[in-house]
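Analysis of the macromolecular model
Here is what each chain is made of, one letter per residue.
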Amino acid sequence: MHIIESGNVAAATGVKLSRAQVIAAYPITPQTPLTEKLSEFVEGGELDAQYIPVESEHSAMGVCIAASTAGTRAFTATSANGLLYMNEQLHWAVGARLPIVMCVANRGIGAPWTVWNDQQDTIAQRDVGWIQIYCNDHQQIIDSVIKAFRLAQSVSIPVMVCYDGYLLSHTYMPFDQPEQSKVDTFLPKFAPTHFLNPDDPANFNTVTLPDVRPGLDGKMAPGYIEIRHNLQEDLRASLDVYEEIDTAFAKDFGRGGNPFVEQYKCEDADFVAVCIGSLSYQLRDVIDIMRDNGVKIGVMGVQMYRPFPNQAIIAALDGKKCAIVFEKALSYGNQGALYADIKSALYNSKDKPLVHNYILGLGGREIKTRHLLDALNESCTAPETFGDSPRWIGLKL
Amino acid sequence: MAPKEFCKMISRSKPGPGDGGNTGSWRVLRPVIDLKACIPVKMNKEACFNCWLYCPDSVVSKTIPPVINFEYCKGCGICAEECPAGAITMVNEATPIEEDK
Amino acid sequence: MDNKNKTTILNLTKEEFVHPGNRACSGCGLSLVYRTALKALGKDTILVVPPSCLTVMQGLHPIASTKLPCVNVTFASTGAAATGVRAAMKALKKENVNVVAWAGDGGTGDIGIQALSGACERGEDIIYICYDNEAYMNTGVQRSGTTPQGVLTTTTPIKGKLQEKKDVPSIIDAHGIGYVATASAAYPLDLYDKVKKATTMSGPRYIHVHTPCPPGWSFDARFTIKIGKLAVQSGLFDLYEIIDGTFNLTGQSKKLIGKDKIPVLDYFKTQGRFKSLDEQIVKKVQDQVNAKWAQY
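Residues numbered from 1 in each chain as written. Chains lettered and ligands numbered in written order. Predicted model: local features only at pLDDT ≥ 70, side-chain atom pairs only at ≥ 80, totals over all residues.

**Examining the packing of helix H11 (residues 310-317) of chain A against helix H12 (residues 337-346) of chain A**
Residues and elements named next belong to chain A. Cut-off, in case you're wondering: Every axis corresponds to a line fitted to the C-alpha atoms, with the helix fit spanning only the stretch in contact, and the corresponding angles, defined between N-to-C directions, vary from 0 to 180 degrees. Here a helix means four or more residues in a row that DSSP labels H or I, a strand means two or more in a row labelled E, and each is numbered from the N terminus. In what follows, roughly perpendicular refers to angles from 65 to 115 degrees, roughly parallel to angles under 35, roughly antiparallel to angles over 145, and oblique to any angle outside these ranges. What counts as a contact is two residues whose backbone-derived C-beta atoms lie within 7 Å of each other. Just so you know the grouping, Ala, Val, Leu, Ile, Met, Phe, Trp, Tyr, Cys and Pro go in nonpolar, Asp, Glu, Lys and Arg go in charged, and all remaining residues, Gly too, go in polar.
As a packed pair, H11 and H12 sit with axes 9 Å apart at the nearest point and diverge in direction by 80°. Relative to H12, the element H11 lies roughly perpendicular. Where H11 abuts H12, its residues Asn310, Ile313, Ile314 and Leu317 lie against Ile342, Ala345 and Leu346. Of the residues in the contact of H11 with H12, the class split is six nonpolar, one polar and no charged.

Spelled out as structure tokens, the structure:
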């Protein structure tokens, strides 16, 4: 069924279709309507879940961590400072290997206060170990939420589904709402092997030593570093799992097929504009103008940022003349985080492209087509002389 | 190839004694019960059991006579302090006990 | 507490839920409180524990000292995590489980108070037990909100703490929850009966347990019970219950009504942590205790 709704409602609908059992959230702009919608679903009896109106984001994730440890499908959502307030909990959730799903409506971070969109909030969380999926439109939001639940429980790693605040969270678009019965088939019930169980008592997240230690059965139990190594191995293996899930989803629902990067007119391109999120669709218009002017250029949206899909990035960019990375975030004191990751992925490629970096749109600064066009023309005209420092777009100094 | 098994390692611990090792080795003083003075022994029925109640480490049994698990008794001396009959003495760990003589 | 329903040493269950040989210090008040309360909670219990001495006592991976399911959570999230376990139990239709948060005074009244307040305000169906050893003991005896005035800690090393003890049970009671009680490690049977009573109720239930700590309070480990009793018998720490807003002294404290009490100085003299107390503070505390008891 096609409906016209906001991105936040698309996310809430995905959560409902995924039959989340415990939901805890604290309102923060621009995620708030998602939280409101979920409480409406629960109160109205459309979703059989426990909805906990917690007193903070730290507690929202605290509820999810405990509920997930107890064996239920848990969900929360936040933005910006709310996400940062959860930070230690994010580490905890992934270290405890809990399949929590969280939506983040991307927003800039204070100080100074800003409620508008950029992606500094989730990009700043890239090292915690959560899987990060980014959406470009409302269809991807609802689909990604459903896929995220299956991915999370398949690999026992929590997943963030990220979408641009306002640009997606508050805009209305038509999208297909999958049928409940088909979602139920696609997404099996959450049935963990280990959970808080009085009939099989165990202590979860016990202090763990630097070295391995024998248990009561004499078997050697892993130390902290083995547990963390196992997480990293599983994160890297999650790429294959997500590809399988995306393929299964495409089979069942007729959408998908680009789990890691979404490419537009890249096949014959010399130049590829790269970005995360809804900006990639805005860039398509710009690329079309440039194509009309004879520049062989395409655009690639990165859909999964962690684990980083190195192979897909290499496959897409190796042999190109130049990749131009646009970012609504940066690793302060250095460069754009995506830019650095892309360079790192391409480092050992035989025919690696030049890579450029632009920073734009921070704190919701409007991204004008003219700015994008100017930047791309600049990059395409003399790619060799660009240098390694990010250039900022649209600054009014 | 068999499908990859995920989440093979988490910190999940199973209950058991002696996590801290043989905590009896922490002891400097050892509680010794004078069975002639011990109330349940003297009365030959369930009585008193203050030593059992107040032991922080549950190493005293609720039996006649009460028996102390020296593998894990940390030698805090609460049982000696709380025995209403004064039947428990804390002796230097280096002092040989009756059976050892 | 109703006299005829009081638990006695003789009928207190032999069943233990804490293994010996754990890492608690010799003579640890928490050990006794934990051991006793878990007897009252029984097998169908899920524990939520933030960082505290209990984290250490719980064991090191892969061996646990507690025979109950337990989730270790972040410091500030105890109330929320207990909420999450209860929500999961509701979602899974496993209603006959005690969901019990167990935290120290720092985890309860300082870093954890926000999540606890949230849980109380929402009316979560949880039991929250705070063992109050009146300082941050697990990190090596730093002052906490519940450290009494004048006490020497490693962050109040010379003059002693300048501020008075935070009254955490009263703060929790201000949420209007159905059951707030205090207990002491020195009166395990009273503690047992209060925890047992809490298991028969629903909604948020809060039990605040005065818990002597030999190394942190600087006294010989054998005096844990004696010193805990002195705190109660001097009228400094009172055993009470507040059931649906009605306050009643219980146990030993109830017996003290109208009786002469031991001077607080006799309690202070037993512990090294009070050794820098001047006469002025002692007199002030004694006056406060007298004024408090004049109202009982």
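**A closer look at the environment of A:Ile109**
All names here are of chain A. Short version of the rule: Counting other C-beta atoms within 10 Å of each residue's C-beta, where C-beta atoms are placed from the backbone, gives the exposure class: buried for 20 or more, exposed for 12 or fewer, partly exposed between.
Along the chain, Ile109 turns up in the loop between strand E5 (101-106) and helix H6 (120-123). C-beta crowding within 10 Å serves as the criterion here: with 19 such atoms nearby, Ile109 is assigned to the partly exposed category. For the pair formed by Ile109 and Cys135, sequence separation is 26 residues and the distance between their alpha carbons is 20 Å. Once residues within four sequence positions are removed from consideration, Ile109 is found in contact with Ala80, Asn81, Leu84, Gln120 and Asp121.

**Considerations on unusual backbone geometry**
Across the chain, the bulk of peptide bonds are trans and the bulk of non-glycine residues have phi less than zero. Here the residue pair A:Gly110 and A:Ala111 is connected by a cis peptide bond, since its omega of 5° sits within 30 degrees of zero. Here A:Ala111 shows up in the loop between E5 and H6. Residue C:Pro62 follows C:His61 across a cis peptide bond; omega there is 5°. Assignment of secondary structure puts C:Pro62 in the loop between helix H2 (53-58) and strand E2 (63-64). A positive phi angle, near 40°, is found at A:Ala80, a position not held by glycine. We note that B:Asn44 has phi near 55°; this positive angle belongs to a residue other than glycine. Along the chain, B:Asn44 falls in the loop between helix H1 (39-43) and helix H2 (50-54). We classify B:Asn44 as exposed; it has 8 C-beta atoms within 10 Å.

**Digging into the interface of chain A and chain C**
Stated formally: At least two bridges found by DSSP between two strands is the condition for calling them paired.
On the chain C side, the residues contacting the 40 residues of chain A number 40 residues. Across the side of chain A that touches chain C, the residue classes break down as 21 nonpolar, 16 polar and three charged. Of the pairings in the sheet, the one linking strand E9 (residues 203-204) of chain A to strand E3 (residues 70-72) of chain C comprises two bridges and is parallel in character. From the neighbouring strand, A:Asn203 faces E3(C), where its bridge partner is C:Cys70.

**What about the domain arrangement of chain A?**
All names here are of chain A. So the rule is basically this: Where each domain starts and ends comes from a domain assignment, either automatic or drawn from a database.
Here the domain parsing of chain A yields domain 1 (2-186) and domain 2 (261-392). Taking only C-alpha atoms, the centre of domain 1 and the centre of domain 2 are 27 Å apart. The interface is formed by 21 residues belonging to domain 1 together with 20 residues belonging to domain 2. Secondary structure elements with two or more residues in the side of domain 1 that touches domain 2: H6, strand E6 (131-134) and strand E7 (159-164). The class makeup of the residues in the side of domain 1 that touches domain 2 is nine nonpolar, eight polar and four charged.

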